[in-house]
Amino acid sequence: MSNKIRVIVSGAGGRMGKEVVKLVLQDEELELAAAVDRSTMDIDAGRLVGMEDSGIIVTSDLEAALAGSNGDVVVDFTTPQSAYTNTALAIKYGVRPVIGTTGFTPEQILELDKQCKDQGIGGLIAPNFSIGAILLMKFAAQASKYFPHLEIIEYHGDQKLDAPSGTAIKTAEMISEVREELRQGNPKEEETIEGARGGYYNGFRIHSVRLPGVFAQEEVIFGGFGQSLKIRHDSYERAGYMPGVKMGIQKVMGYTGLIYGFEHFIE
Ligand code: NAD
């Protein structure tokens, strides 16, 4: 019997889902159990991602896939509207959820944790699977103890709707947990153009750059006497999330309950 981890990909036809299908088909420790997408179906999952036929046809019914494909883990990159239902359904069938979809409330996370514990399975919800971005947050938080004067600059494509990015907010939160209380800059500072100094968060500023051609970048700049320190992460494509997704798939096999946030896996 194969000891590969059997993975169901939910949202297989989406931008992230296709990367997950490629990951699973290319990785010797993983096996594609099923592929589900509500708007891309009846096509071989391998062909969908430009690879050889895999023998797994994409279907539209997640519940049937959970019930009938003997999956160990479901990886979901769909939409905030379906994320909770899909996760609860996976847990009901004893299939460990690894969820990249955003949009869970704290109450939903608590409820899903309880469901995972009742079923005796592990689960993961990770709003950011990029190991580099998580390391940036951790390093920035550490540096802020010694360099409490800092600014965050994040760069994304010009069609992004929200600003600042979720990653920048998470970075700011992690910094604020350890940085001393400090309102930076000149208290008499005035903006002659509104927004010139960026968004205010707990004493420091966050700037959002939006340009075509940019995928996702973030830097934290620390200023001290006679020196500065920059910590920067550049993301070029969605494939960059896949080492994190693979780590998540492997980790959920080994614990019980729901973990929220990939940073808990990075020491
Ligand atoms: P996308 O729109 O390209 O893909 C979503 C896919 O899900 C579509 O093919 C759609 O048909 C399918 N889908 C929607 N609802 C479904 C359902 N109920 N059942 C089955 N299939 C369904 O989106 P994307 O860019 O791949 O992003 C998907 C999600 O992942 C978003 O919430 C996004 O914010 C998030 N995301 C997370 C990370 C991370 O690191 N955690 C990284 C990038 C994107």
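Residues numbered from 1 in each chain as written. Predicted model: local features only at pLDDT ≥ 70, side-chain atom pairs only at ≥ 80, totals over all residues. Heavy atoms only, no water.

A. Spotlight on the overall build of the chain. The secondary structure content of the chain amounts to eight helices and eleven strands. Here the C-alpha atoms of the chain give a radius of gyration of 21 Å, agreeing with the 18 Å that 2.2 N^0.38 yields for 267 residues. Residue burial in the chain is summarised as follows: out of 267 residues, 48% are buried. Here the chain displays about 14,000 Å² of accessible surface, and carbon together with sulfur accounts for 50% of that area. Positive and negative charge centroids in the chain, built from 26 and 36 side chains respectively, lie 2 Å apart. (Helix = DSSP H or I, 4+ residues; strand = E, 2+ residues; numbered from the N terminus. Rg over C-alpha atoms; globule rule 2.2 N^0.38 Å. Buried < 20%, exposed > 50% of the residue type's maximum accessible area, 1.4 Å probe, protein only. Areas by Shrake-Rupley, 256 points an atom, 1.4 Å probe, with all protein chains shown as cover. Lys, Arg positive; Asp, Glu negative; His and termini not counted. Charge placed at Lys NZ, Arg CZ, Asp CG, Glu CD.)

B. Spotlight on the UniProt feature "binding site: NADP(+)" (unreviewed entry) in the chain. Here the UniProt feature "binding site: NADP(+)" (unreviewed entry) sits at Arg38. Judged by its relative accessible area of 64%, Arg38 falls in the exposed class. Residues contacting Arg38, with those up to four places away along its chain left out, are Ser60 and Thr79. (UniProt positions renumbered as here; feature names shortened; annotations may be inferred. Contact = heavy atoms within 4.5 Å.)

C. Structural view of the layout of surface pockets. Here the second largest pocket defines a volume of roughly 180 Å³. Forming the boundary of the second largest pocket are 13 residues, of which Gln184, Gly185, Asn186, Glu189 and Arg197 lie nearest the centre. Looking at the lining of the second largest pocket, its residues break down into three nonpolar, five polar and five charged. (1 Å grid on protein atoms, 1.4 Å probe; cavity = no way out; pocket = protein on both sides within 12 Å on 5 of 7 lines; lining within 4 Å. Points joined across faces, edges and corners; volume = space filled by probe spheres on them. Nonpolar A, V, L, I, M, F, W, Y, C, P; charged D, E, K, R; others polar.)

D. Structural view of the sheet that holds strand 6 (residues 150-156). Read from one edge of the open sheet, five strands run 7-8-6-9-10, paired in mixed fashion. Looking at which strands have only one partner, the edges of the open sheet turn out to be strand 7 (199-201) and strand 10 (227-235). Going from strand to strand, the sheet's axes swing by 20 degrees on average, the running direction of each strand aside. Examined bridge by bridge, strand 7 and strand 8 (residues 204-210) share three bridges and lie antiparallel to one another. Bridge pairing links Tyr200 to Arg205 in strand 8. Where helix 7 (residues 166-178) meets the sheet, its contacts fall on strand 6, strand 7, strand 8 and strand 9 (216-224), and the angle it forms with strand 6 comes to roughly 160 degrees. (Pairing = 2+ DSSP bridges. Axes fitted to C-alpha atoms, helices over the stretch in contact; angles between N-to-C directions.)

E. Molecular detail of the packing of aromatic side chains. All told, the structure shown has six aromatic pairs when counted by the stated rule. Measuring from centroid to centroid gives 5.9 Å for Phe77 and Phe129, while their planes differ by 55 degrees, and the two rings are tilted. Taken together, the residues span a long stretch of sequence, with Phe77 in the loop between strand 3 (73-76) and helix 4 (80-92) and Phe129 in the loop between strand 5 (122-125) and helix 6 (131-144) at a distance of 52 residues. In this structure Phe129 comes out as buried when scored by relative accessible area, which is 2%. (Phe/Tyr/Trp six-rings, centres within 6.5 Å; stacked < 30°, edge-to-face > 60°.)

F. Highlighting helix 6. A rise of 1.5 Å per residue sets the reference length of helix 6, with its 14 residues, at 20 Å; its end C-alpha atoms lie 20 Å apart and thus fit the reference within 8%. If you check which residues of helix 6 are buried, you get Ala133, Ile134, Leu136, Met137, Ala140, Ala141, Ala143 and Ser144. (Expected span 1.5 Å × (residues − 1).)

G. A look at the UniProt feature "domain: Dihydrodipicolinate reductase N-terminal" (unreviewed entry) in the chain. Listed under "domain: Dihydrodipicolinate reductase N-terminal" (unreviewed entry) in the UniProt record, and renumbered for this structure, are residues 5-129. In this annotation, residues 5-129 is assigned 40% helix and 20% strand; the end-to-end C-alpha distance for the span is 19 Å.

H. Examining the pairing of strand 9 more closely. Sheet topology note: the strand 6/strand 9 ladder contains seven bridges and is antiparallel. Residue Glu151 lies in a different strand from strand 9, and its bridge partner there is Ile221. Pairing of strand 9 with strand 10, which is carried by nine bridges, proceeds in the antiparallel orientation. From the neighbouring strand, Phe222 faces strand 10, where its bridge partner is Leu229. Counting the residues between successive antiparallel strands, the hairpin from strand 9 to strand 10 contains two residues, one of them, Gly226, with a positive phi of roughly 70 degrees.

I. The environment of His207, seen in detail. Structurally, His207 can be placed in strand 8. The sequence separation of His207 and Glu151 amounts to 56 residues, and the corresponding C-alpha distance is 7.8 Å. Leave out the neighbours within four places in its chain, and His207 touches Glu151, Ile152, Ile153, Glu154, Ala196, Arg197 and Gly198. Within the structure, the side chain of His207 is placed 2.6 Å from the side chain of Glu151, a separation counted as a polar contact. (Polar contact = N/O pair within 3.5 Å; in protein donor to acceptor, adjacent residues only side chain to side chain.)

J. Geometry of the pattern of salt bridges. Enumeration according to the criterion identifies 16 salt bridges in this entry. Arg197 serves as the salt-bridge partner of Glu151, at 2.9 Å between the closest nitrogen and oxygen. You can see Glu151 sitting in strand 6 and its partner Arg197 sitting in the loop between helix 7 and strand 7, a full 46 residues away along the chain. Looking at Arg197, the relative accessible area reads 23%, which means it is partly exposed. Beyond isolated ion pairs, a larger network of salt bridges with shared partners links Glu151, Glu189, Arg197 and Arg205. (Salt bridge = Lys/Arg side-chain N within 4 Å of Asp/Glu carboxyl O.)

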